[in-house]
Amino acid sequence: MATRLSKPGARMAAAVLEPSSQDREHIFDLFRRWGYLEADLDPLGLFKPLPHPELDISGEMADQARHYYCGTVGVDYMHISDPERRRWIQQHMETDHQSIADPGHVLDLLIRAELFEQVLQQRYLGSKRFSLEGVTALIPLVDEVLEEAGDRGAIEMVFGMSHRGRLNALVHVARRAPEEVFAGFEDVDPRSVLGSGDVKYHMGATGEYVTRSGARLHVHLVSNPSHLEAVDPVTEGRTRAKQDRAGQGGQEKFFPLIVHGDAAFAGQGVWAETLNYADLKGYTVGGTIHVIVNNLLGFTTPPSELHSSRFAADLARRQAVPIFHVNSEDIDAVVRVAHMALEYRYAFQSDVLIDLIGYRRHGHSEVDDPTITQPLLYKAIKDHPPLWQIYAERIGRNTEAPVAKARQEFETAQKKAGTLRKKPTLRELPPYWAGYKGGRYKPEYEVHTGVAVDQLRTTAERLSTYPKGFHIHPKVKKLLEQRAEMGSGKRPVDFGMAEALAFGTLVTQAIPIRLSGQDTRRGTFNQRHSVLIDVENEQEYVPLEHVAPGQARCDIINSTLSEPGVLGFEYGYSRDYPEALVLWEAQFGDFANVAQAIIDQFVSAGEDKWNLLSGLVLLLPHGYEGQGPEHSSARIERFLQLAARDNFQICQASTAAQYFHLLRRQALRQWRKPLVMFTPKSMLRHPDASSPIADFSSQRFMPVLPDAETETPRRILVCTGKIGHELRMERKKRKDRSTAIVFLEQLYPFPEAELAAAIEQHASARDLVWVQEEPANMGAFFYVLPRLKKIAGNRPVLSVKRSASASPATGSAKAHEVEQKTLLTLAFTVGTQ
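To keep things clear, this report deals only with the structure shown in the data block.

Conventions we followed
Residues numbered from 1 in each chain as written. Predicted model: local features only at pLDDT ≥ 70, side-chain atom pairs only at ≥ 80, totals over all residues. Heavy atoms only, no water. 1 Å grid on protein atoms, 1.4 Å probe; cavity = no way out; pocket = protein on both sides within 12 Å on 5 of 7 lines; lining within 4 Å. Points joined across faces, edges and corners; volume = space filled by probe spheres on them. Helix = DSSP H or I, 4+ residues; strand = E, 2+ residues; numbered from the N terminus. Nonpolar A, V, L, I, M, F, W, Y, C, P; charged D, E, K, R; others polar. Pairing = 2+ DSSP bridges. Axes fitted to C-alpha atoms, helices over the stretch in contact; angles between N-to-C directions. Contact = heavy atoms within 4.5 Å. Parallel < 35°, antiparallel > 145°, perpendicular 65-115°, else oblique. Left-handed = near helix turned anticlockwise from the far one by under 90°. Buried < 20%, exposed > 50% of the residue type's maximum accessible area, 1.4 Å probe, protein only.

### Some words on the layout of surface pockets
Within this model, the second largest pocket holds a volume of roughly 590 Å³. Lining the second largest pocket are 26 residues, with Val 476, Leu 479, Asn 526, Gln 527 and His 529 sitting closest to its centre. Broken down by element, the residue count for the lining of the second largest pocket peaks at 6 residues, all from helix α17 (residues 474-488). Considering only residue class, the lining of the second largest pocket consists of 10 nonpolar, 8 polar and 8 charged.

Structure below.
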């Protein structure tokens, strides 16, 4: 391919002396470093090349270097420290390339992409569709990526993108029938999605792409919300799960491609979090192809107001990732860059970024008038021919027949869509989801989660030993000795050991474990110690990887300091490894709100919007212990506000055995729903929250723990979590025999029958009191109280809680102590005056 040259202006073309090889390298290095700034990248010519003073040189070598680096491709790669990678790019850039082998195929893709949008515009005028017009070069770009990937033995591309061009990609990348897309505009069978579903340009899809060489690749277009870039970590997690399932060679068989918008790429932080873990062992997928569909415009905002740097892509320079800027109307260059990007990914298992620069023919959505805010830009766009016409003229092809054919195909499909009586299914369910259920809860989904004492003892032995000659830390040695005693029944089992026993027994039942989070391997509260470190050489030993021969894998991963990026990844992973127990742990539950978009859009609503199930577990440390506003509350109230239609489970286990059964229940039953679990901090090793080993052999998790200590109480305190143990200690201190304490272990789905039964055990009780640590406008108060009143019948229902507050907790330890003592006192006295 002959790359188009930017004009060198008044620079002299002749060299006086033949330059030496050293001079040549110096000149070429200048263009390798700065040439992309002077590249000819904007089809409309409005985004001008930026002259760089170090490139103000003339001569034969300068002209040659300018030919390679200042044409319609500008590559930014000199920030990469690895010389081998830089040499690879140099070798591929510094050579003349032939035109693409099959221009007719590319022209057909461009015609189809453009005509598809035109038919949508004509038939559904005034409907949002987020057209690809102006950057239809994306379709031949992805086509070339798939062609090259198929030649390398890839079997699936996991495709993440936001709404711009998504409908076009459904037809021309995921290869869904056009009438299936048109049906979304026809609102076929609206009764089937009352109160659920999503807009057409958010829906995921699967399909088969057949390359020109005959390779067949599965394409998985990931469902996404309007929260731009939120789909990025989900795409990566889904890819990693598919790769892990495949085992050896998984990175070659499955690869991700993510399409970004220019404004979102520059402005949204979650993609940077995703890029940051691209090369980390626990998260790498062997490289991602990133493509910015760059309109040089975000809604109504120009680039000068969107990012401080020249390019939206510049933020990717934080890592050793090559950035290929390419003019979208030089199709030869676009295809060449796509080919190089895929080759580079496989050569170095690295991310690659393509900045595909074009324009947006219409407004942000087709009902928007962009001439109000960008009159000059849209004056230029109005007179600019579509890309297929430009390319057809360049290669000398008559387009009358293929244009008529494409238009006829899409118009026929549109008419067919109007006759459909059922909403088409755009996605085929993978075989590994067979047998798992969603929808409403049914009692028959329950499973036996207890484990025989002998097996617990054997598992505990494995978990508390390490190789001979391993130099263990004295404190960890003492911990393992205590855990051995727990397994043998000599000591009550605490939360850390309960979790290890749950994981250890599950991996022997062929259930893989994946747990990630900040400092998760040791545990924020020093409670886990899943990875033992030799104090002399820092070699690692993971007992959970050595429980039994042929066991399932167990990955405990320290994550980056990220919430949305990591939670999104784990949600994605759970989507393509349903038989695994996948967990994300927040360092403190308070920090989960940083990932609120992932929680709102995927975890809680994924099934309702897209019919996508997930068994992801969120471990959120929660409890008021005088540690301030950001280390007290996991915001129970927010999760309860999201709860509807049995979309997920919300629990707070008060004992180690309950935690054990809850984890095993989540892994073993076929009802696949996310589990939000509020976990303890101060109670992790507290004797009152520890459990005898016999409790781990009981049948299952109990959503309500009734009071067995008080026979004829006058008052019943209902609570959840740590406050219950403090109430029991207060009752003991008071020598109170007239108050029962009931633990609500599962908040949602609400265990009405179990709670009613626990209360009816104490028919003589006069008062019911809901007690919580959280302020009145937080916690479970608003949710539980009406349900408690329903159960109470004629009994009065009272409540004890902190006063409503804008902040979850006080920053004063002394104030906290006073508040907590007041809560405990009121719990036993309120309503008695």
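### Side note on the sheet that holds strand β13 (residues 581-585)
Read from one edge to the other, the open sheet built from 7 strands follows the order β12-β9-β13-β14-β16-β15-β20, with strand pairing classed as mixed. Each edge of the open sheet is held by one strand with a lone partner, namely β12 (554-558) and β20 (746-748). Taking each pair of neighbouring strands and ignoring which way they run, the sheet shows an average axis angle of 20°. Packed on one face of the sheet, helix α19 (residues 564-575) meets β9 (513-517), β13 and β14 (617-621) and runs near 170° to β13.

### Digging into the packing of helix α4 (residues 103-123) against helix α7 (residues 178-186)
One way to put it is that α4 packs onto α7 with a least axis distance of 12 Å and a crossing angle of 25°. The angle between α4 and α7 falls in the class roughly parallel. Considering only the axes of α4 and α7, their crossing is right-handed. Between α4 and α7, the residues in contact are Phe 116, Val 119 and Leu 120 and Val 181, Phe 182 and Phe 185, respectively. In terms of residue class, the contact of α4 with α7 is built from 6 nonpolar, no polar and no charged.

### Observations concerning the side chain of Gln 596
Looking at where Gln 596 falls in the secondary structure, it is placed in helix α20 (residues 596-603). The class for Gln 596 is buried, based on a relative accessible area of 19%. Among all residues touching Gln 596, those that are not within four sequence positions of it are Arg 638 and Leu 642.

### Observations concerning the sheet that holds strand β18 (residues 715-719)
Read across the open sheet, the 5 strands follow the order β17-β19-β18-β21-β22; overall the sheet is mixed. Bordering the open sheet on either side are β17 (704-705) and β22 (797-802), each of which pairs with just one other strand. In this sheet, β22 lies alongside strand β21 (residues 767-775) in parallel orientation, the contact comprising 5 bridges. Bridge pairing links Trp 770 to Ser 799 in β22. Lying on the sheet, helix α26 (residues 781-792) is in contact with β18, β19 (739-744), β21 and β22; it crosses β22 at an angle near 165°.

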